[in-house]
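Residue-level structural notes
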Amino acid sequence: GQQVMQIPQYQHVQEGEDFTTYCNSSTTLSNIQWYKQRPGGHPVFLIQLVKSGEVKKQKRLTFQFGEAKKNSSLHITATQTTDVGTYFCAGSTGNQFYFGTGTSLTVIP
Amino acid sequence: GAVVSQHPSRVICKSGTSVKIECRSLDFQATTMFWYRQFPKQSLMLMATSNEGSKATYEQGVEKDKFLINHASLTLSTLTVTSAHPEDSSFYICSAQGLAGIFSEQFFGPGTRLTVL
């Protein structure tokens, strides 16, 4: 079945350090979305990538979709304490999204 | 942005009872609603996809007679956990997708914490 894996599962960084989470799918994706879930909260949409090799930026966040459309990454430059949370990718192969396993980010002040 | 509400936010029930959870899109029409289950510190597990006016599509391993889904209108979907047992205790989250189709983002409800005693 469809599997979307993310690494690492957990990441602790000092405030100001960079952070990257990687998302890998067992099958080719139509598109990929990224969500952030704060502790105790619900997932909030960050961005969607559709094209092969696409790169999008949102301030300190850079999102990339692989050429083969089977992997994606989220990179945060100079993390801040407000970046704390779990980042999920969600890949679509049709009319359903399958969430990745998530990467929990802790930022140490 | 679009708002999705869920009710109740928290429910505690006795084993054997049924619990209904409502998911509403407040300011947009949702052609598709999704129901997820999330265990502590784990990812969201898709349970079922529901389209307004048609039967829900359940993921493999999810009992459709156990988790009844009704998508009566473009703004309301309900999940009923029938004859709940302690192993059904979990965080249930719905999401709604707008009319733009399969490439639309999902807007998530705040979730419902179910505890079955």
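Residues numbered from 1 in each chain as written. Chains lettered and ligands numbered in written order. Predicted model: local features only at pLDDT ≥ 70, side-chain atom pairs only at ≥ 80, totals over all residues. Heavy atoms only, no water.

Attention now goes to the overall build of chain B. Summing up its helical and strand segments, chain B has zero helices and 11 strands in all. For chain B, whose C-alpha radius of gyration is 13 Å, the value lies close to the compact-globule estimate of 13 Å for 117 residues. When its C-alpha atoms are laid out on the principal axes, chain B stretches across 40 × 25 × 25 Å. Within chain B, the proportion of its 117 residues that are buried is 50%. When the accessible surface of chain B is totalled, it reaches about 5,700 Å², and 53% of it is carbon and sulfur. (Helix = DSSP H or I, 4+ residues; strand = E, 2+ residues; numbered from the N terminus. Rg over C-alpha atoms; globule rule 2.2 N^0.38 Å. Buried < 20%, exposed > 50% of the residue type's maximum accessible area, 1.4 Å probe, protein only. Areas by Shrake-Rupley, 256 points an atom, 1.4 Å probe, with all protein chains shown as cover.)

With that settled, consider the interface of chain B and chain A. Each partner contributes to the interface: chain B provides 21 residues, whereas chain A provides 19 residues. Between chain B and chain A, a total of about 1,600 Å² is buried, with carbon and sulfur atoms accounting for 55% of that surface. The tally of links from chain B across to chain A stands at zero salt bridges. Between chain B and chain A we count four residue pairs in polar contact (both at pLDDT 80 or more) in total. Looking at the side of chain B that touches chain A, its residues break down into 10 nonpolar, nine polar and two charged. (Contact = heavy atoms within 4.5 Å. Buried area = accessible area lost by both parts, 1.4 Å probe. Salt bridge = Lys/Arg side-chain N within 4 Å of Asp/Glu carboxyl O. Polar contact = N/O pair within 3.5 Å; in protein donor to acceptor, adjacent residues only side chain to side chain. Nonpolar A, V, L, I, M, F, W, Y, C, P; charged D, E, K, R; others polar.)

If you look at the biggest cluster of nonpolar residues, it comprises 32 residues, and the most contacted ones within it are W34, F63 and F99 of chain A together with Y36 of chain B. Examining the composition of this core, we find that four residues originate from one element, strand β9 (residues 85-92) of chain A, more than from any other. For Y36 of chain B, the contacting residues outside a window of four places in its chain are F97 and F99 of chain A together with L44, M45, L46, M47, F91, Y92, I93, S95, Q106 and F108 of chain B. If you look at the next biggest cluster of nonpolar residues, it comprises 24 residues, including C13, I21, W35 and I69 of chain B. (Core = buried A, V, L, I, M, F, W, Y, C linked by side-chain atoms within 4.5 Å.)

Turning next to the packing of aromatic side chains. This structure, assessed with the given rule, holds 12 aromatic pairs over all chains. The interplanar angle of 75 degrees and the centroid separation of 5.7 Å between the aromatic rings of F99 of chain A and F108 of chain B together place this pair among those described as edge-to-face. Within this pair, whereas F99 of chain A is found in strand β10 (residues 97-99), its partner F108 of chain B is found in strand β10 (residues 106-108), the two belonging to separate chains. For F99 of chain A, a relative accessible area of 9% puts it in the buried group. An aromatic cluster is built from Y35, F45, F88 and F99 of chain A together with F34, Y36 and F108 of chain B, whose rings are joined through pairwise contacts. (Phe/Tyr/Trp six-rings, centres within 6.5 Å; stacked < 30°, edge-to-face > 60°.)

Another point: the sheet that holds strand β8 (residues 76-81) of chain B. Residue and element names in this part refer to chain B. Here we have four strands laid out as an open sheet, ordered β1-β3-β8-β7, and antiparallel in their pairing. Both edges of this open sheet fall to β1 (4-7) and β7 (67-73), since each of them pairs with a single strand only. Within the sheet, the average angular offset between the axes of one strand and its neighbour, ignoring direction, is 15 degrees. Relative to β8, strand β3 (residues 19-25) runs antiparallel, the two being bridged by six bridges. Bridge pairing links K20 to T80 in β8. (Pairing = 2+ DSSP bridges. Axes fitted to C-alpha atoms, helices over the stretch in contact; angles between N-to-C directions.)

Residue and element names in this part refer to chain A. Burial analysis of strand β7 (residues 61-65) places four of its five residues in the buried class, the great majority of the element. Where strand β6 (residues 55-58) lies against β7, four bridges are found, and the strand directions are antiparallel. Bridge pairing links K56 to F63 in β7. The turn linking β6 back onto β7 is made up of two residues, and K59 within it adopts a positive phi angle of 50 degrees. In the sheet, β7 pairs with strand β8 (residues 71-76) via five bridges, with the strands oriented antiparallel.

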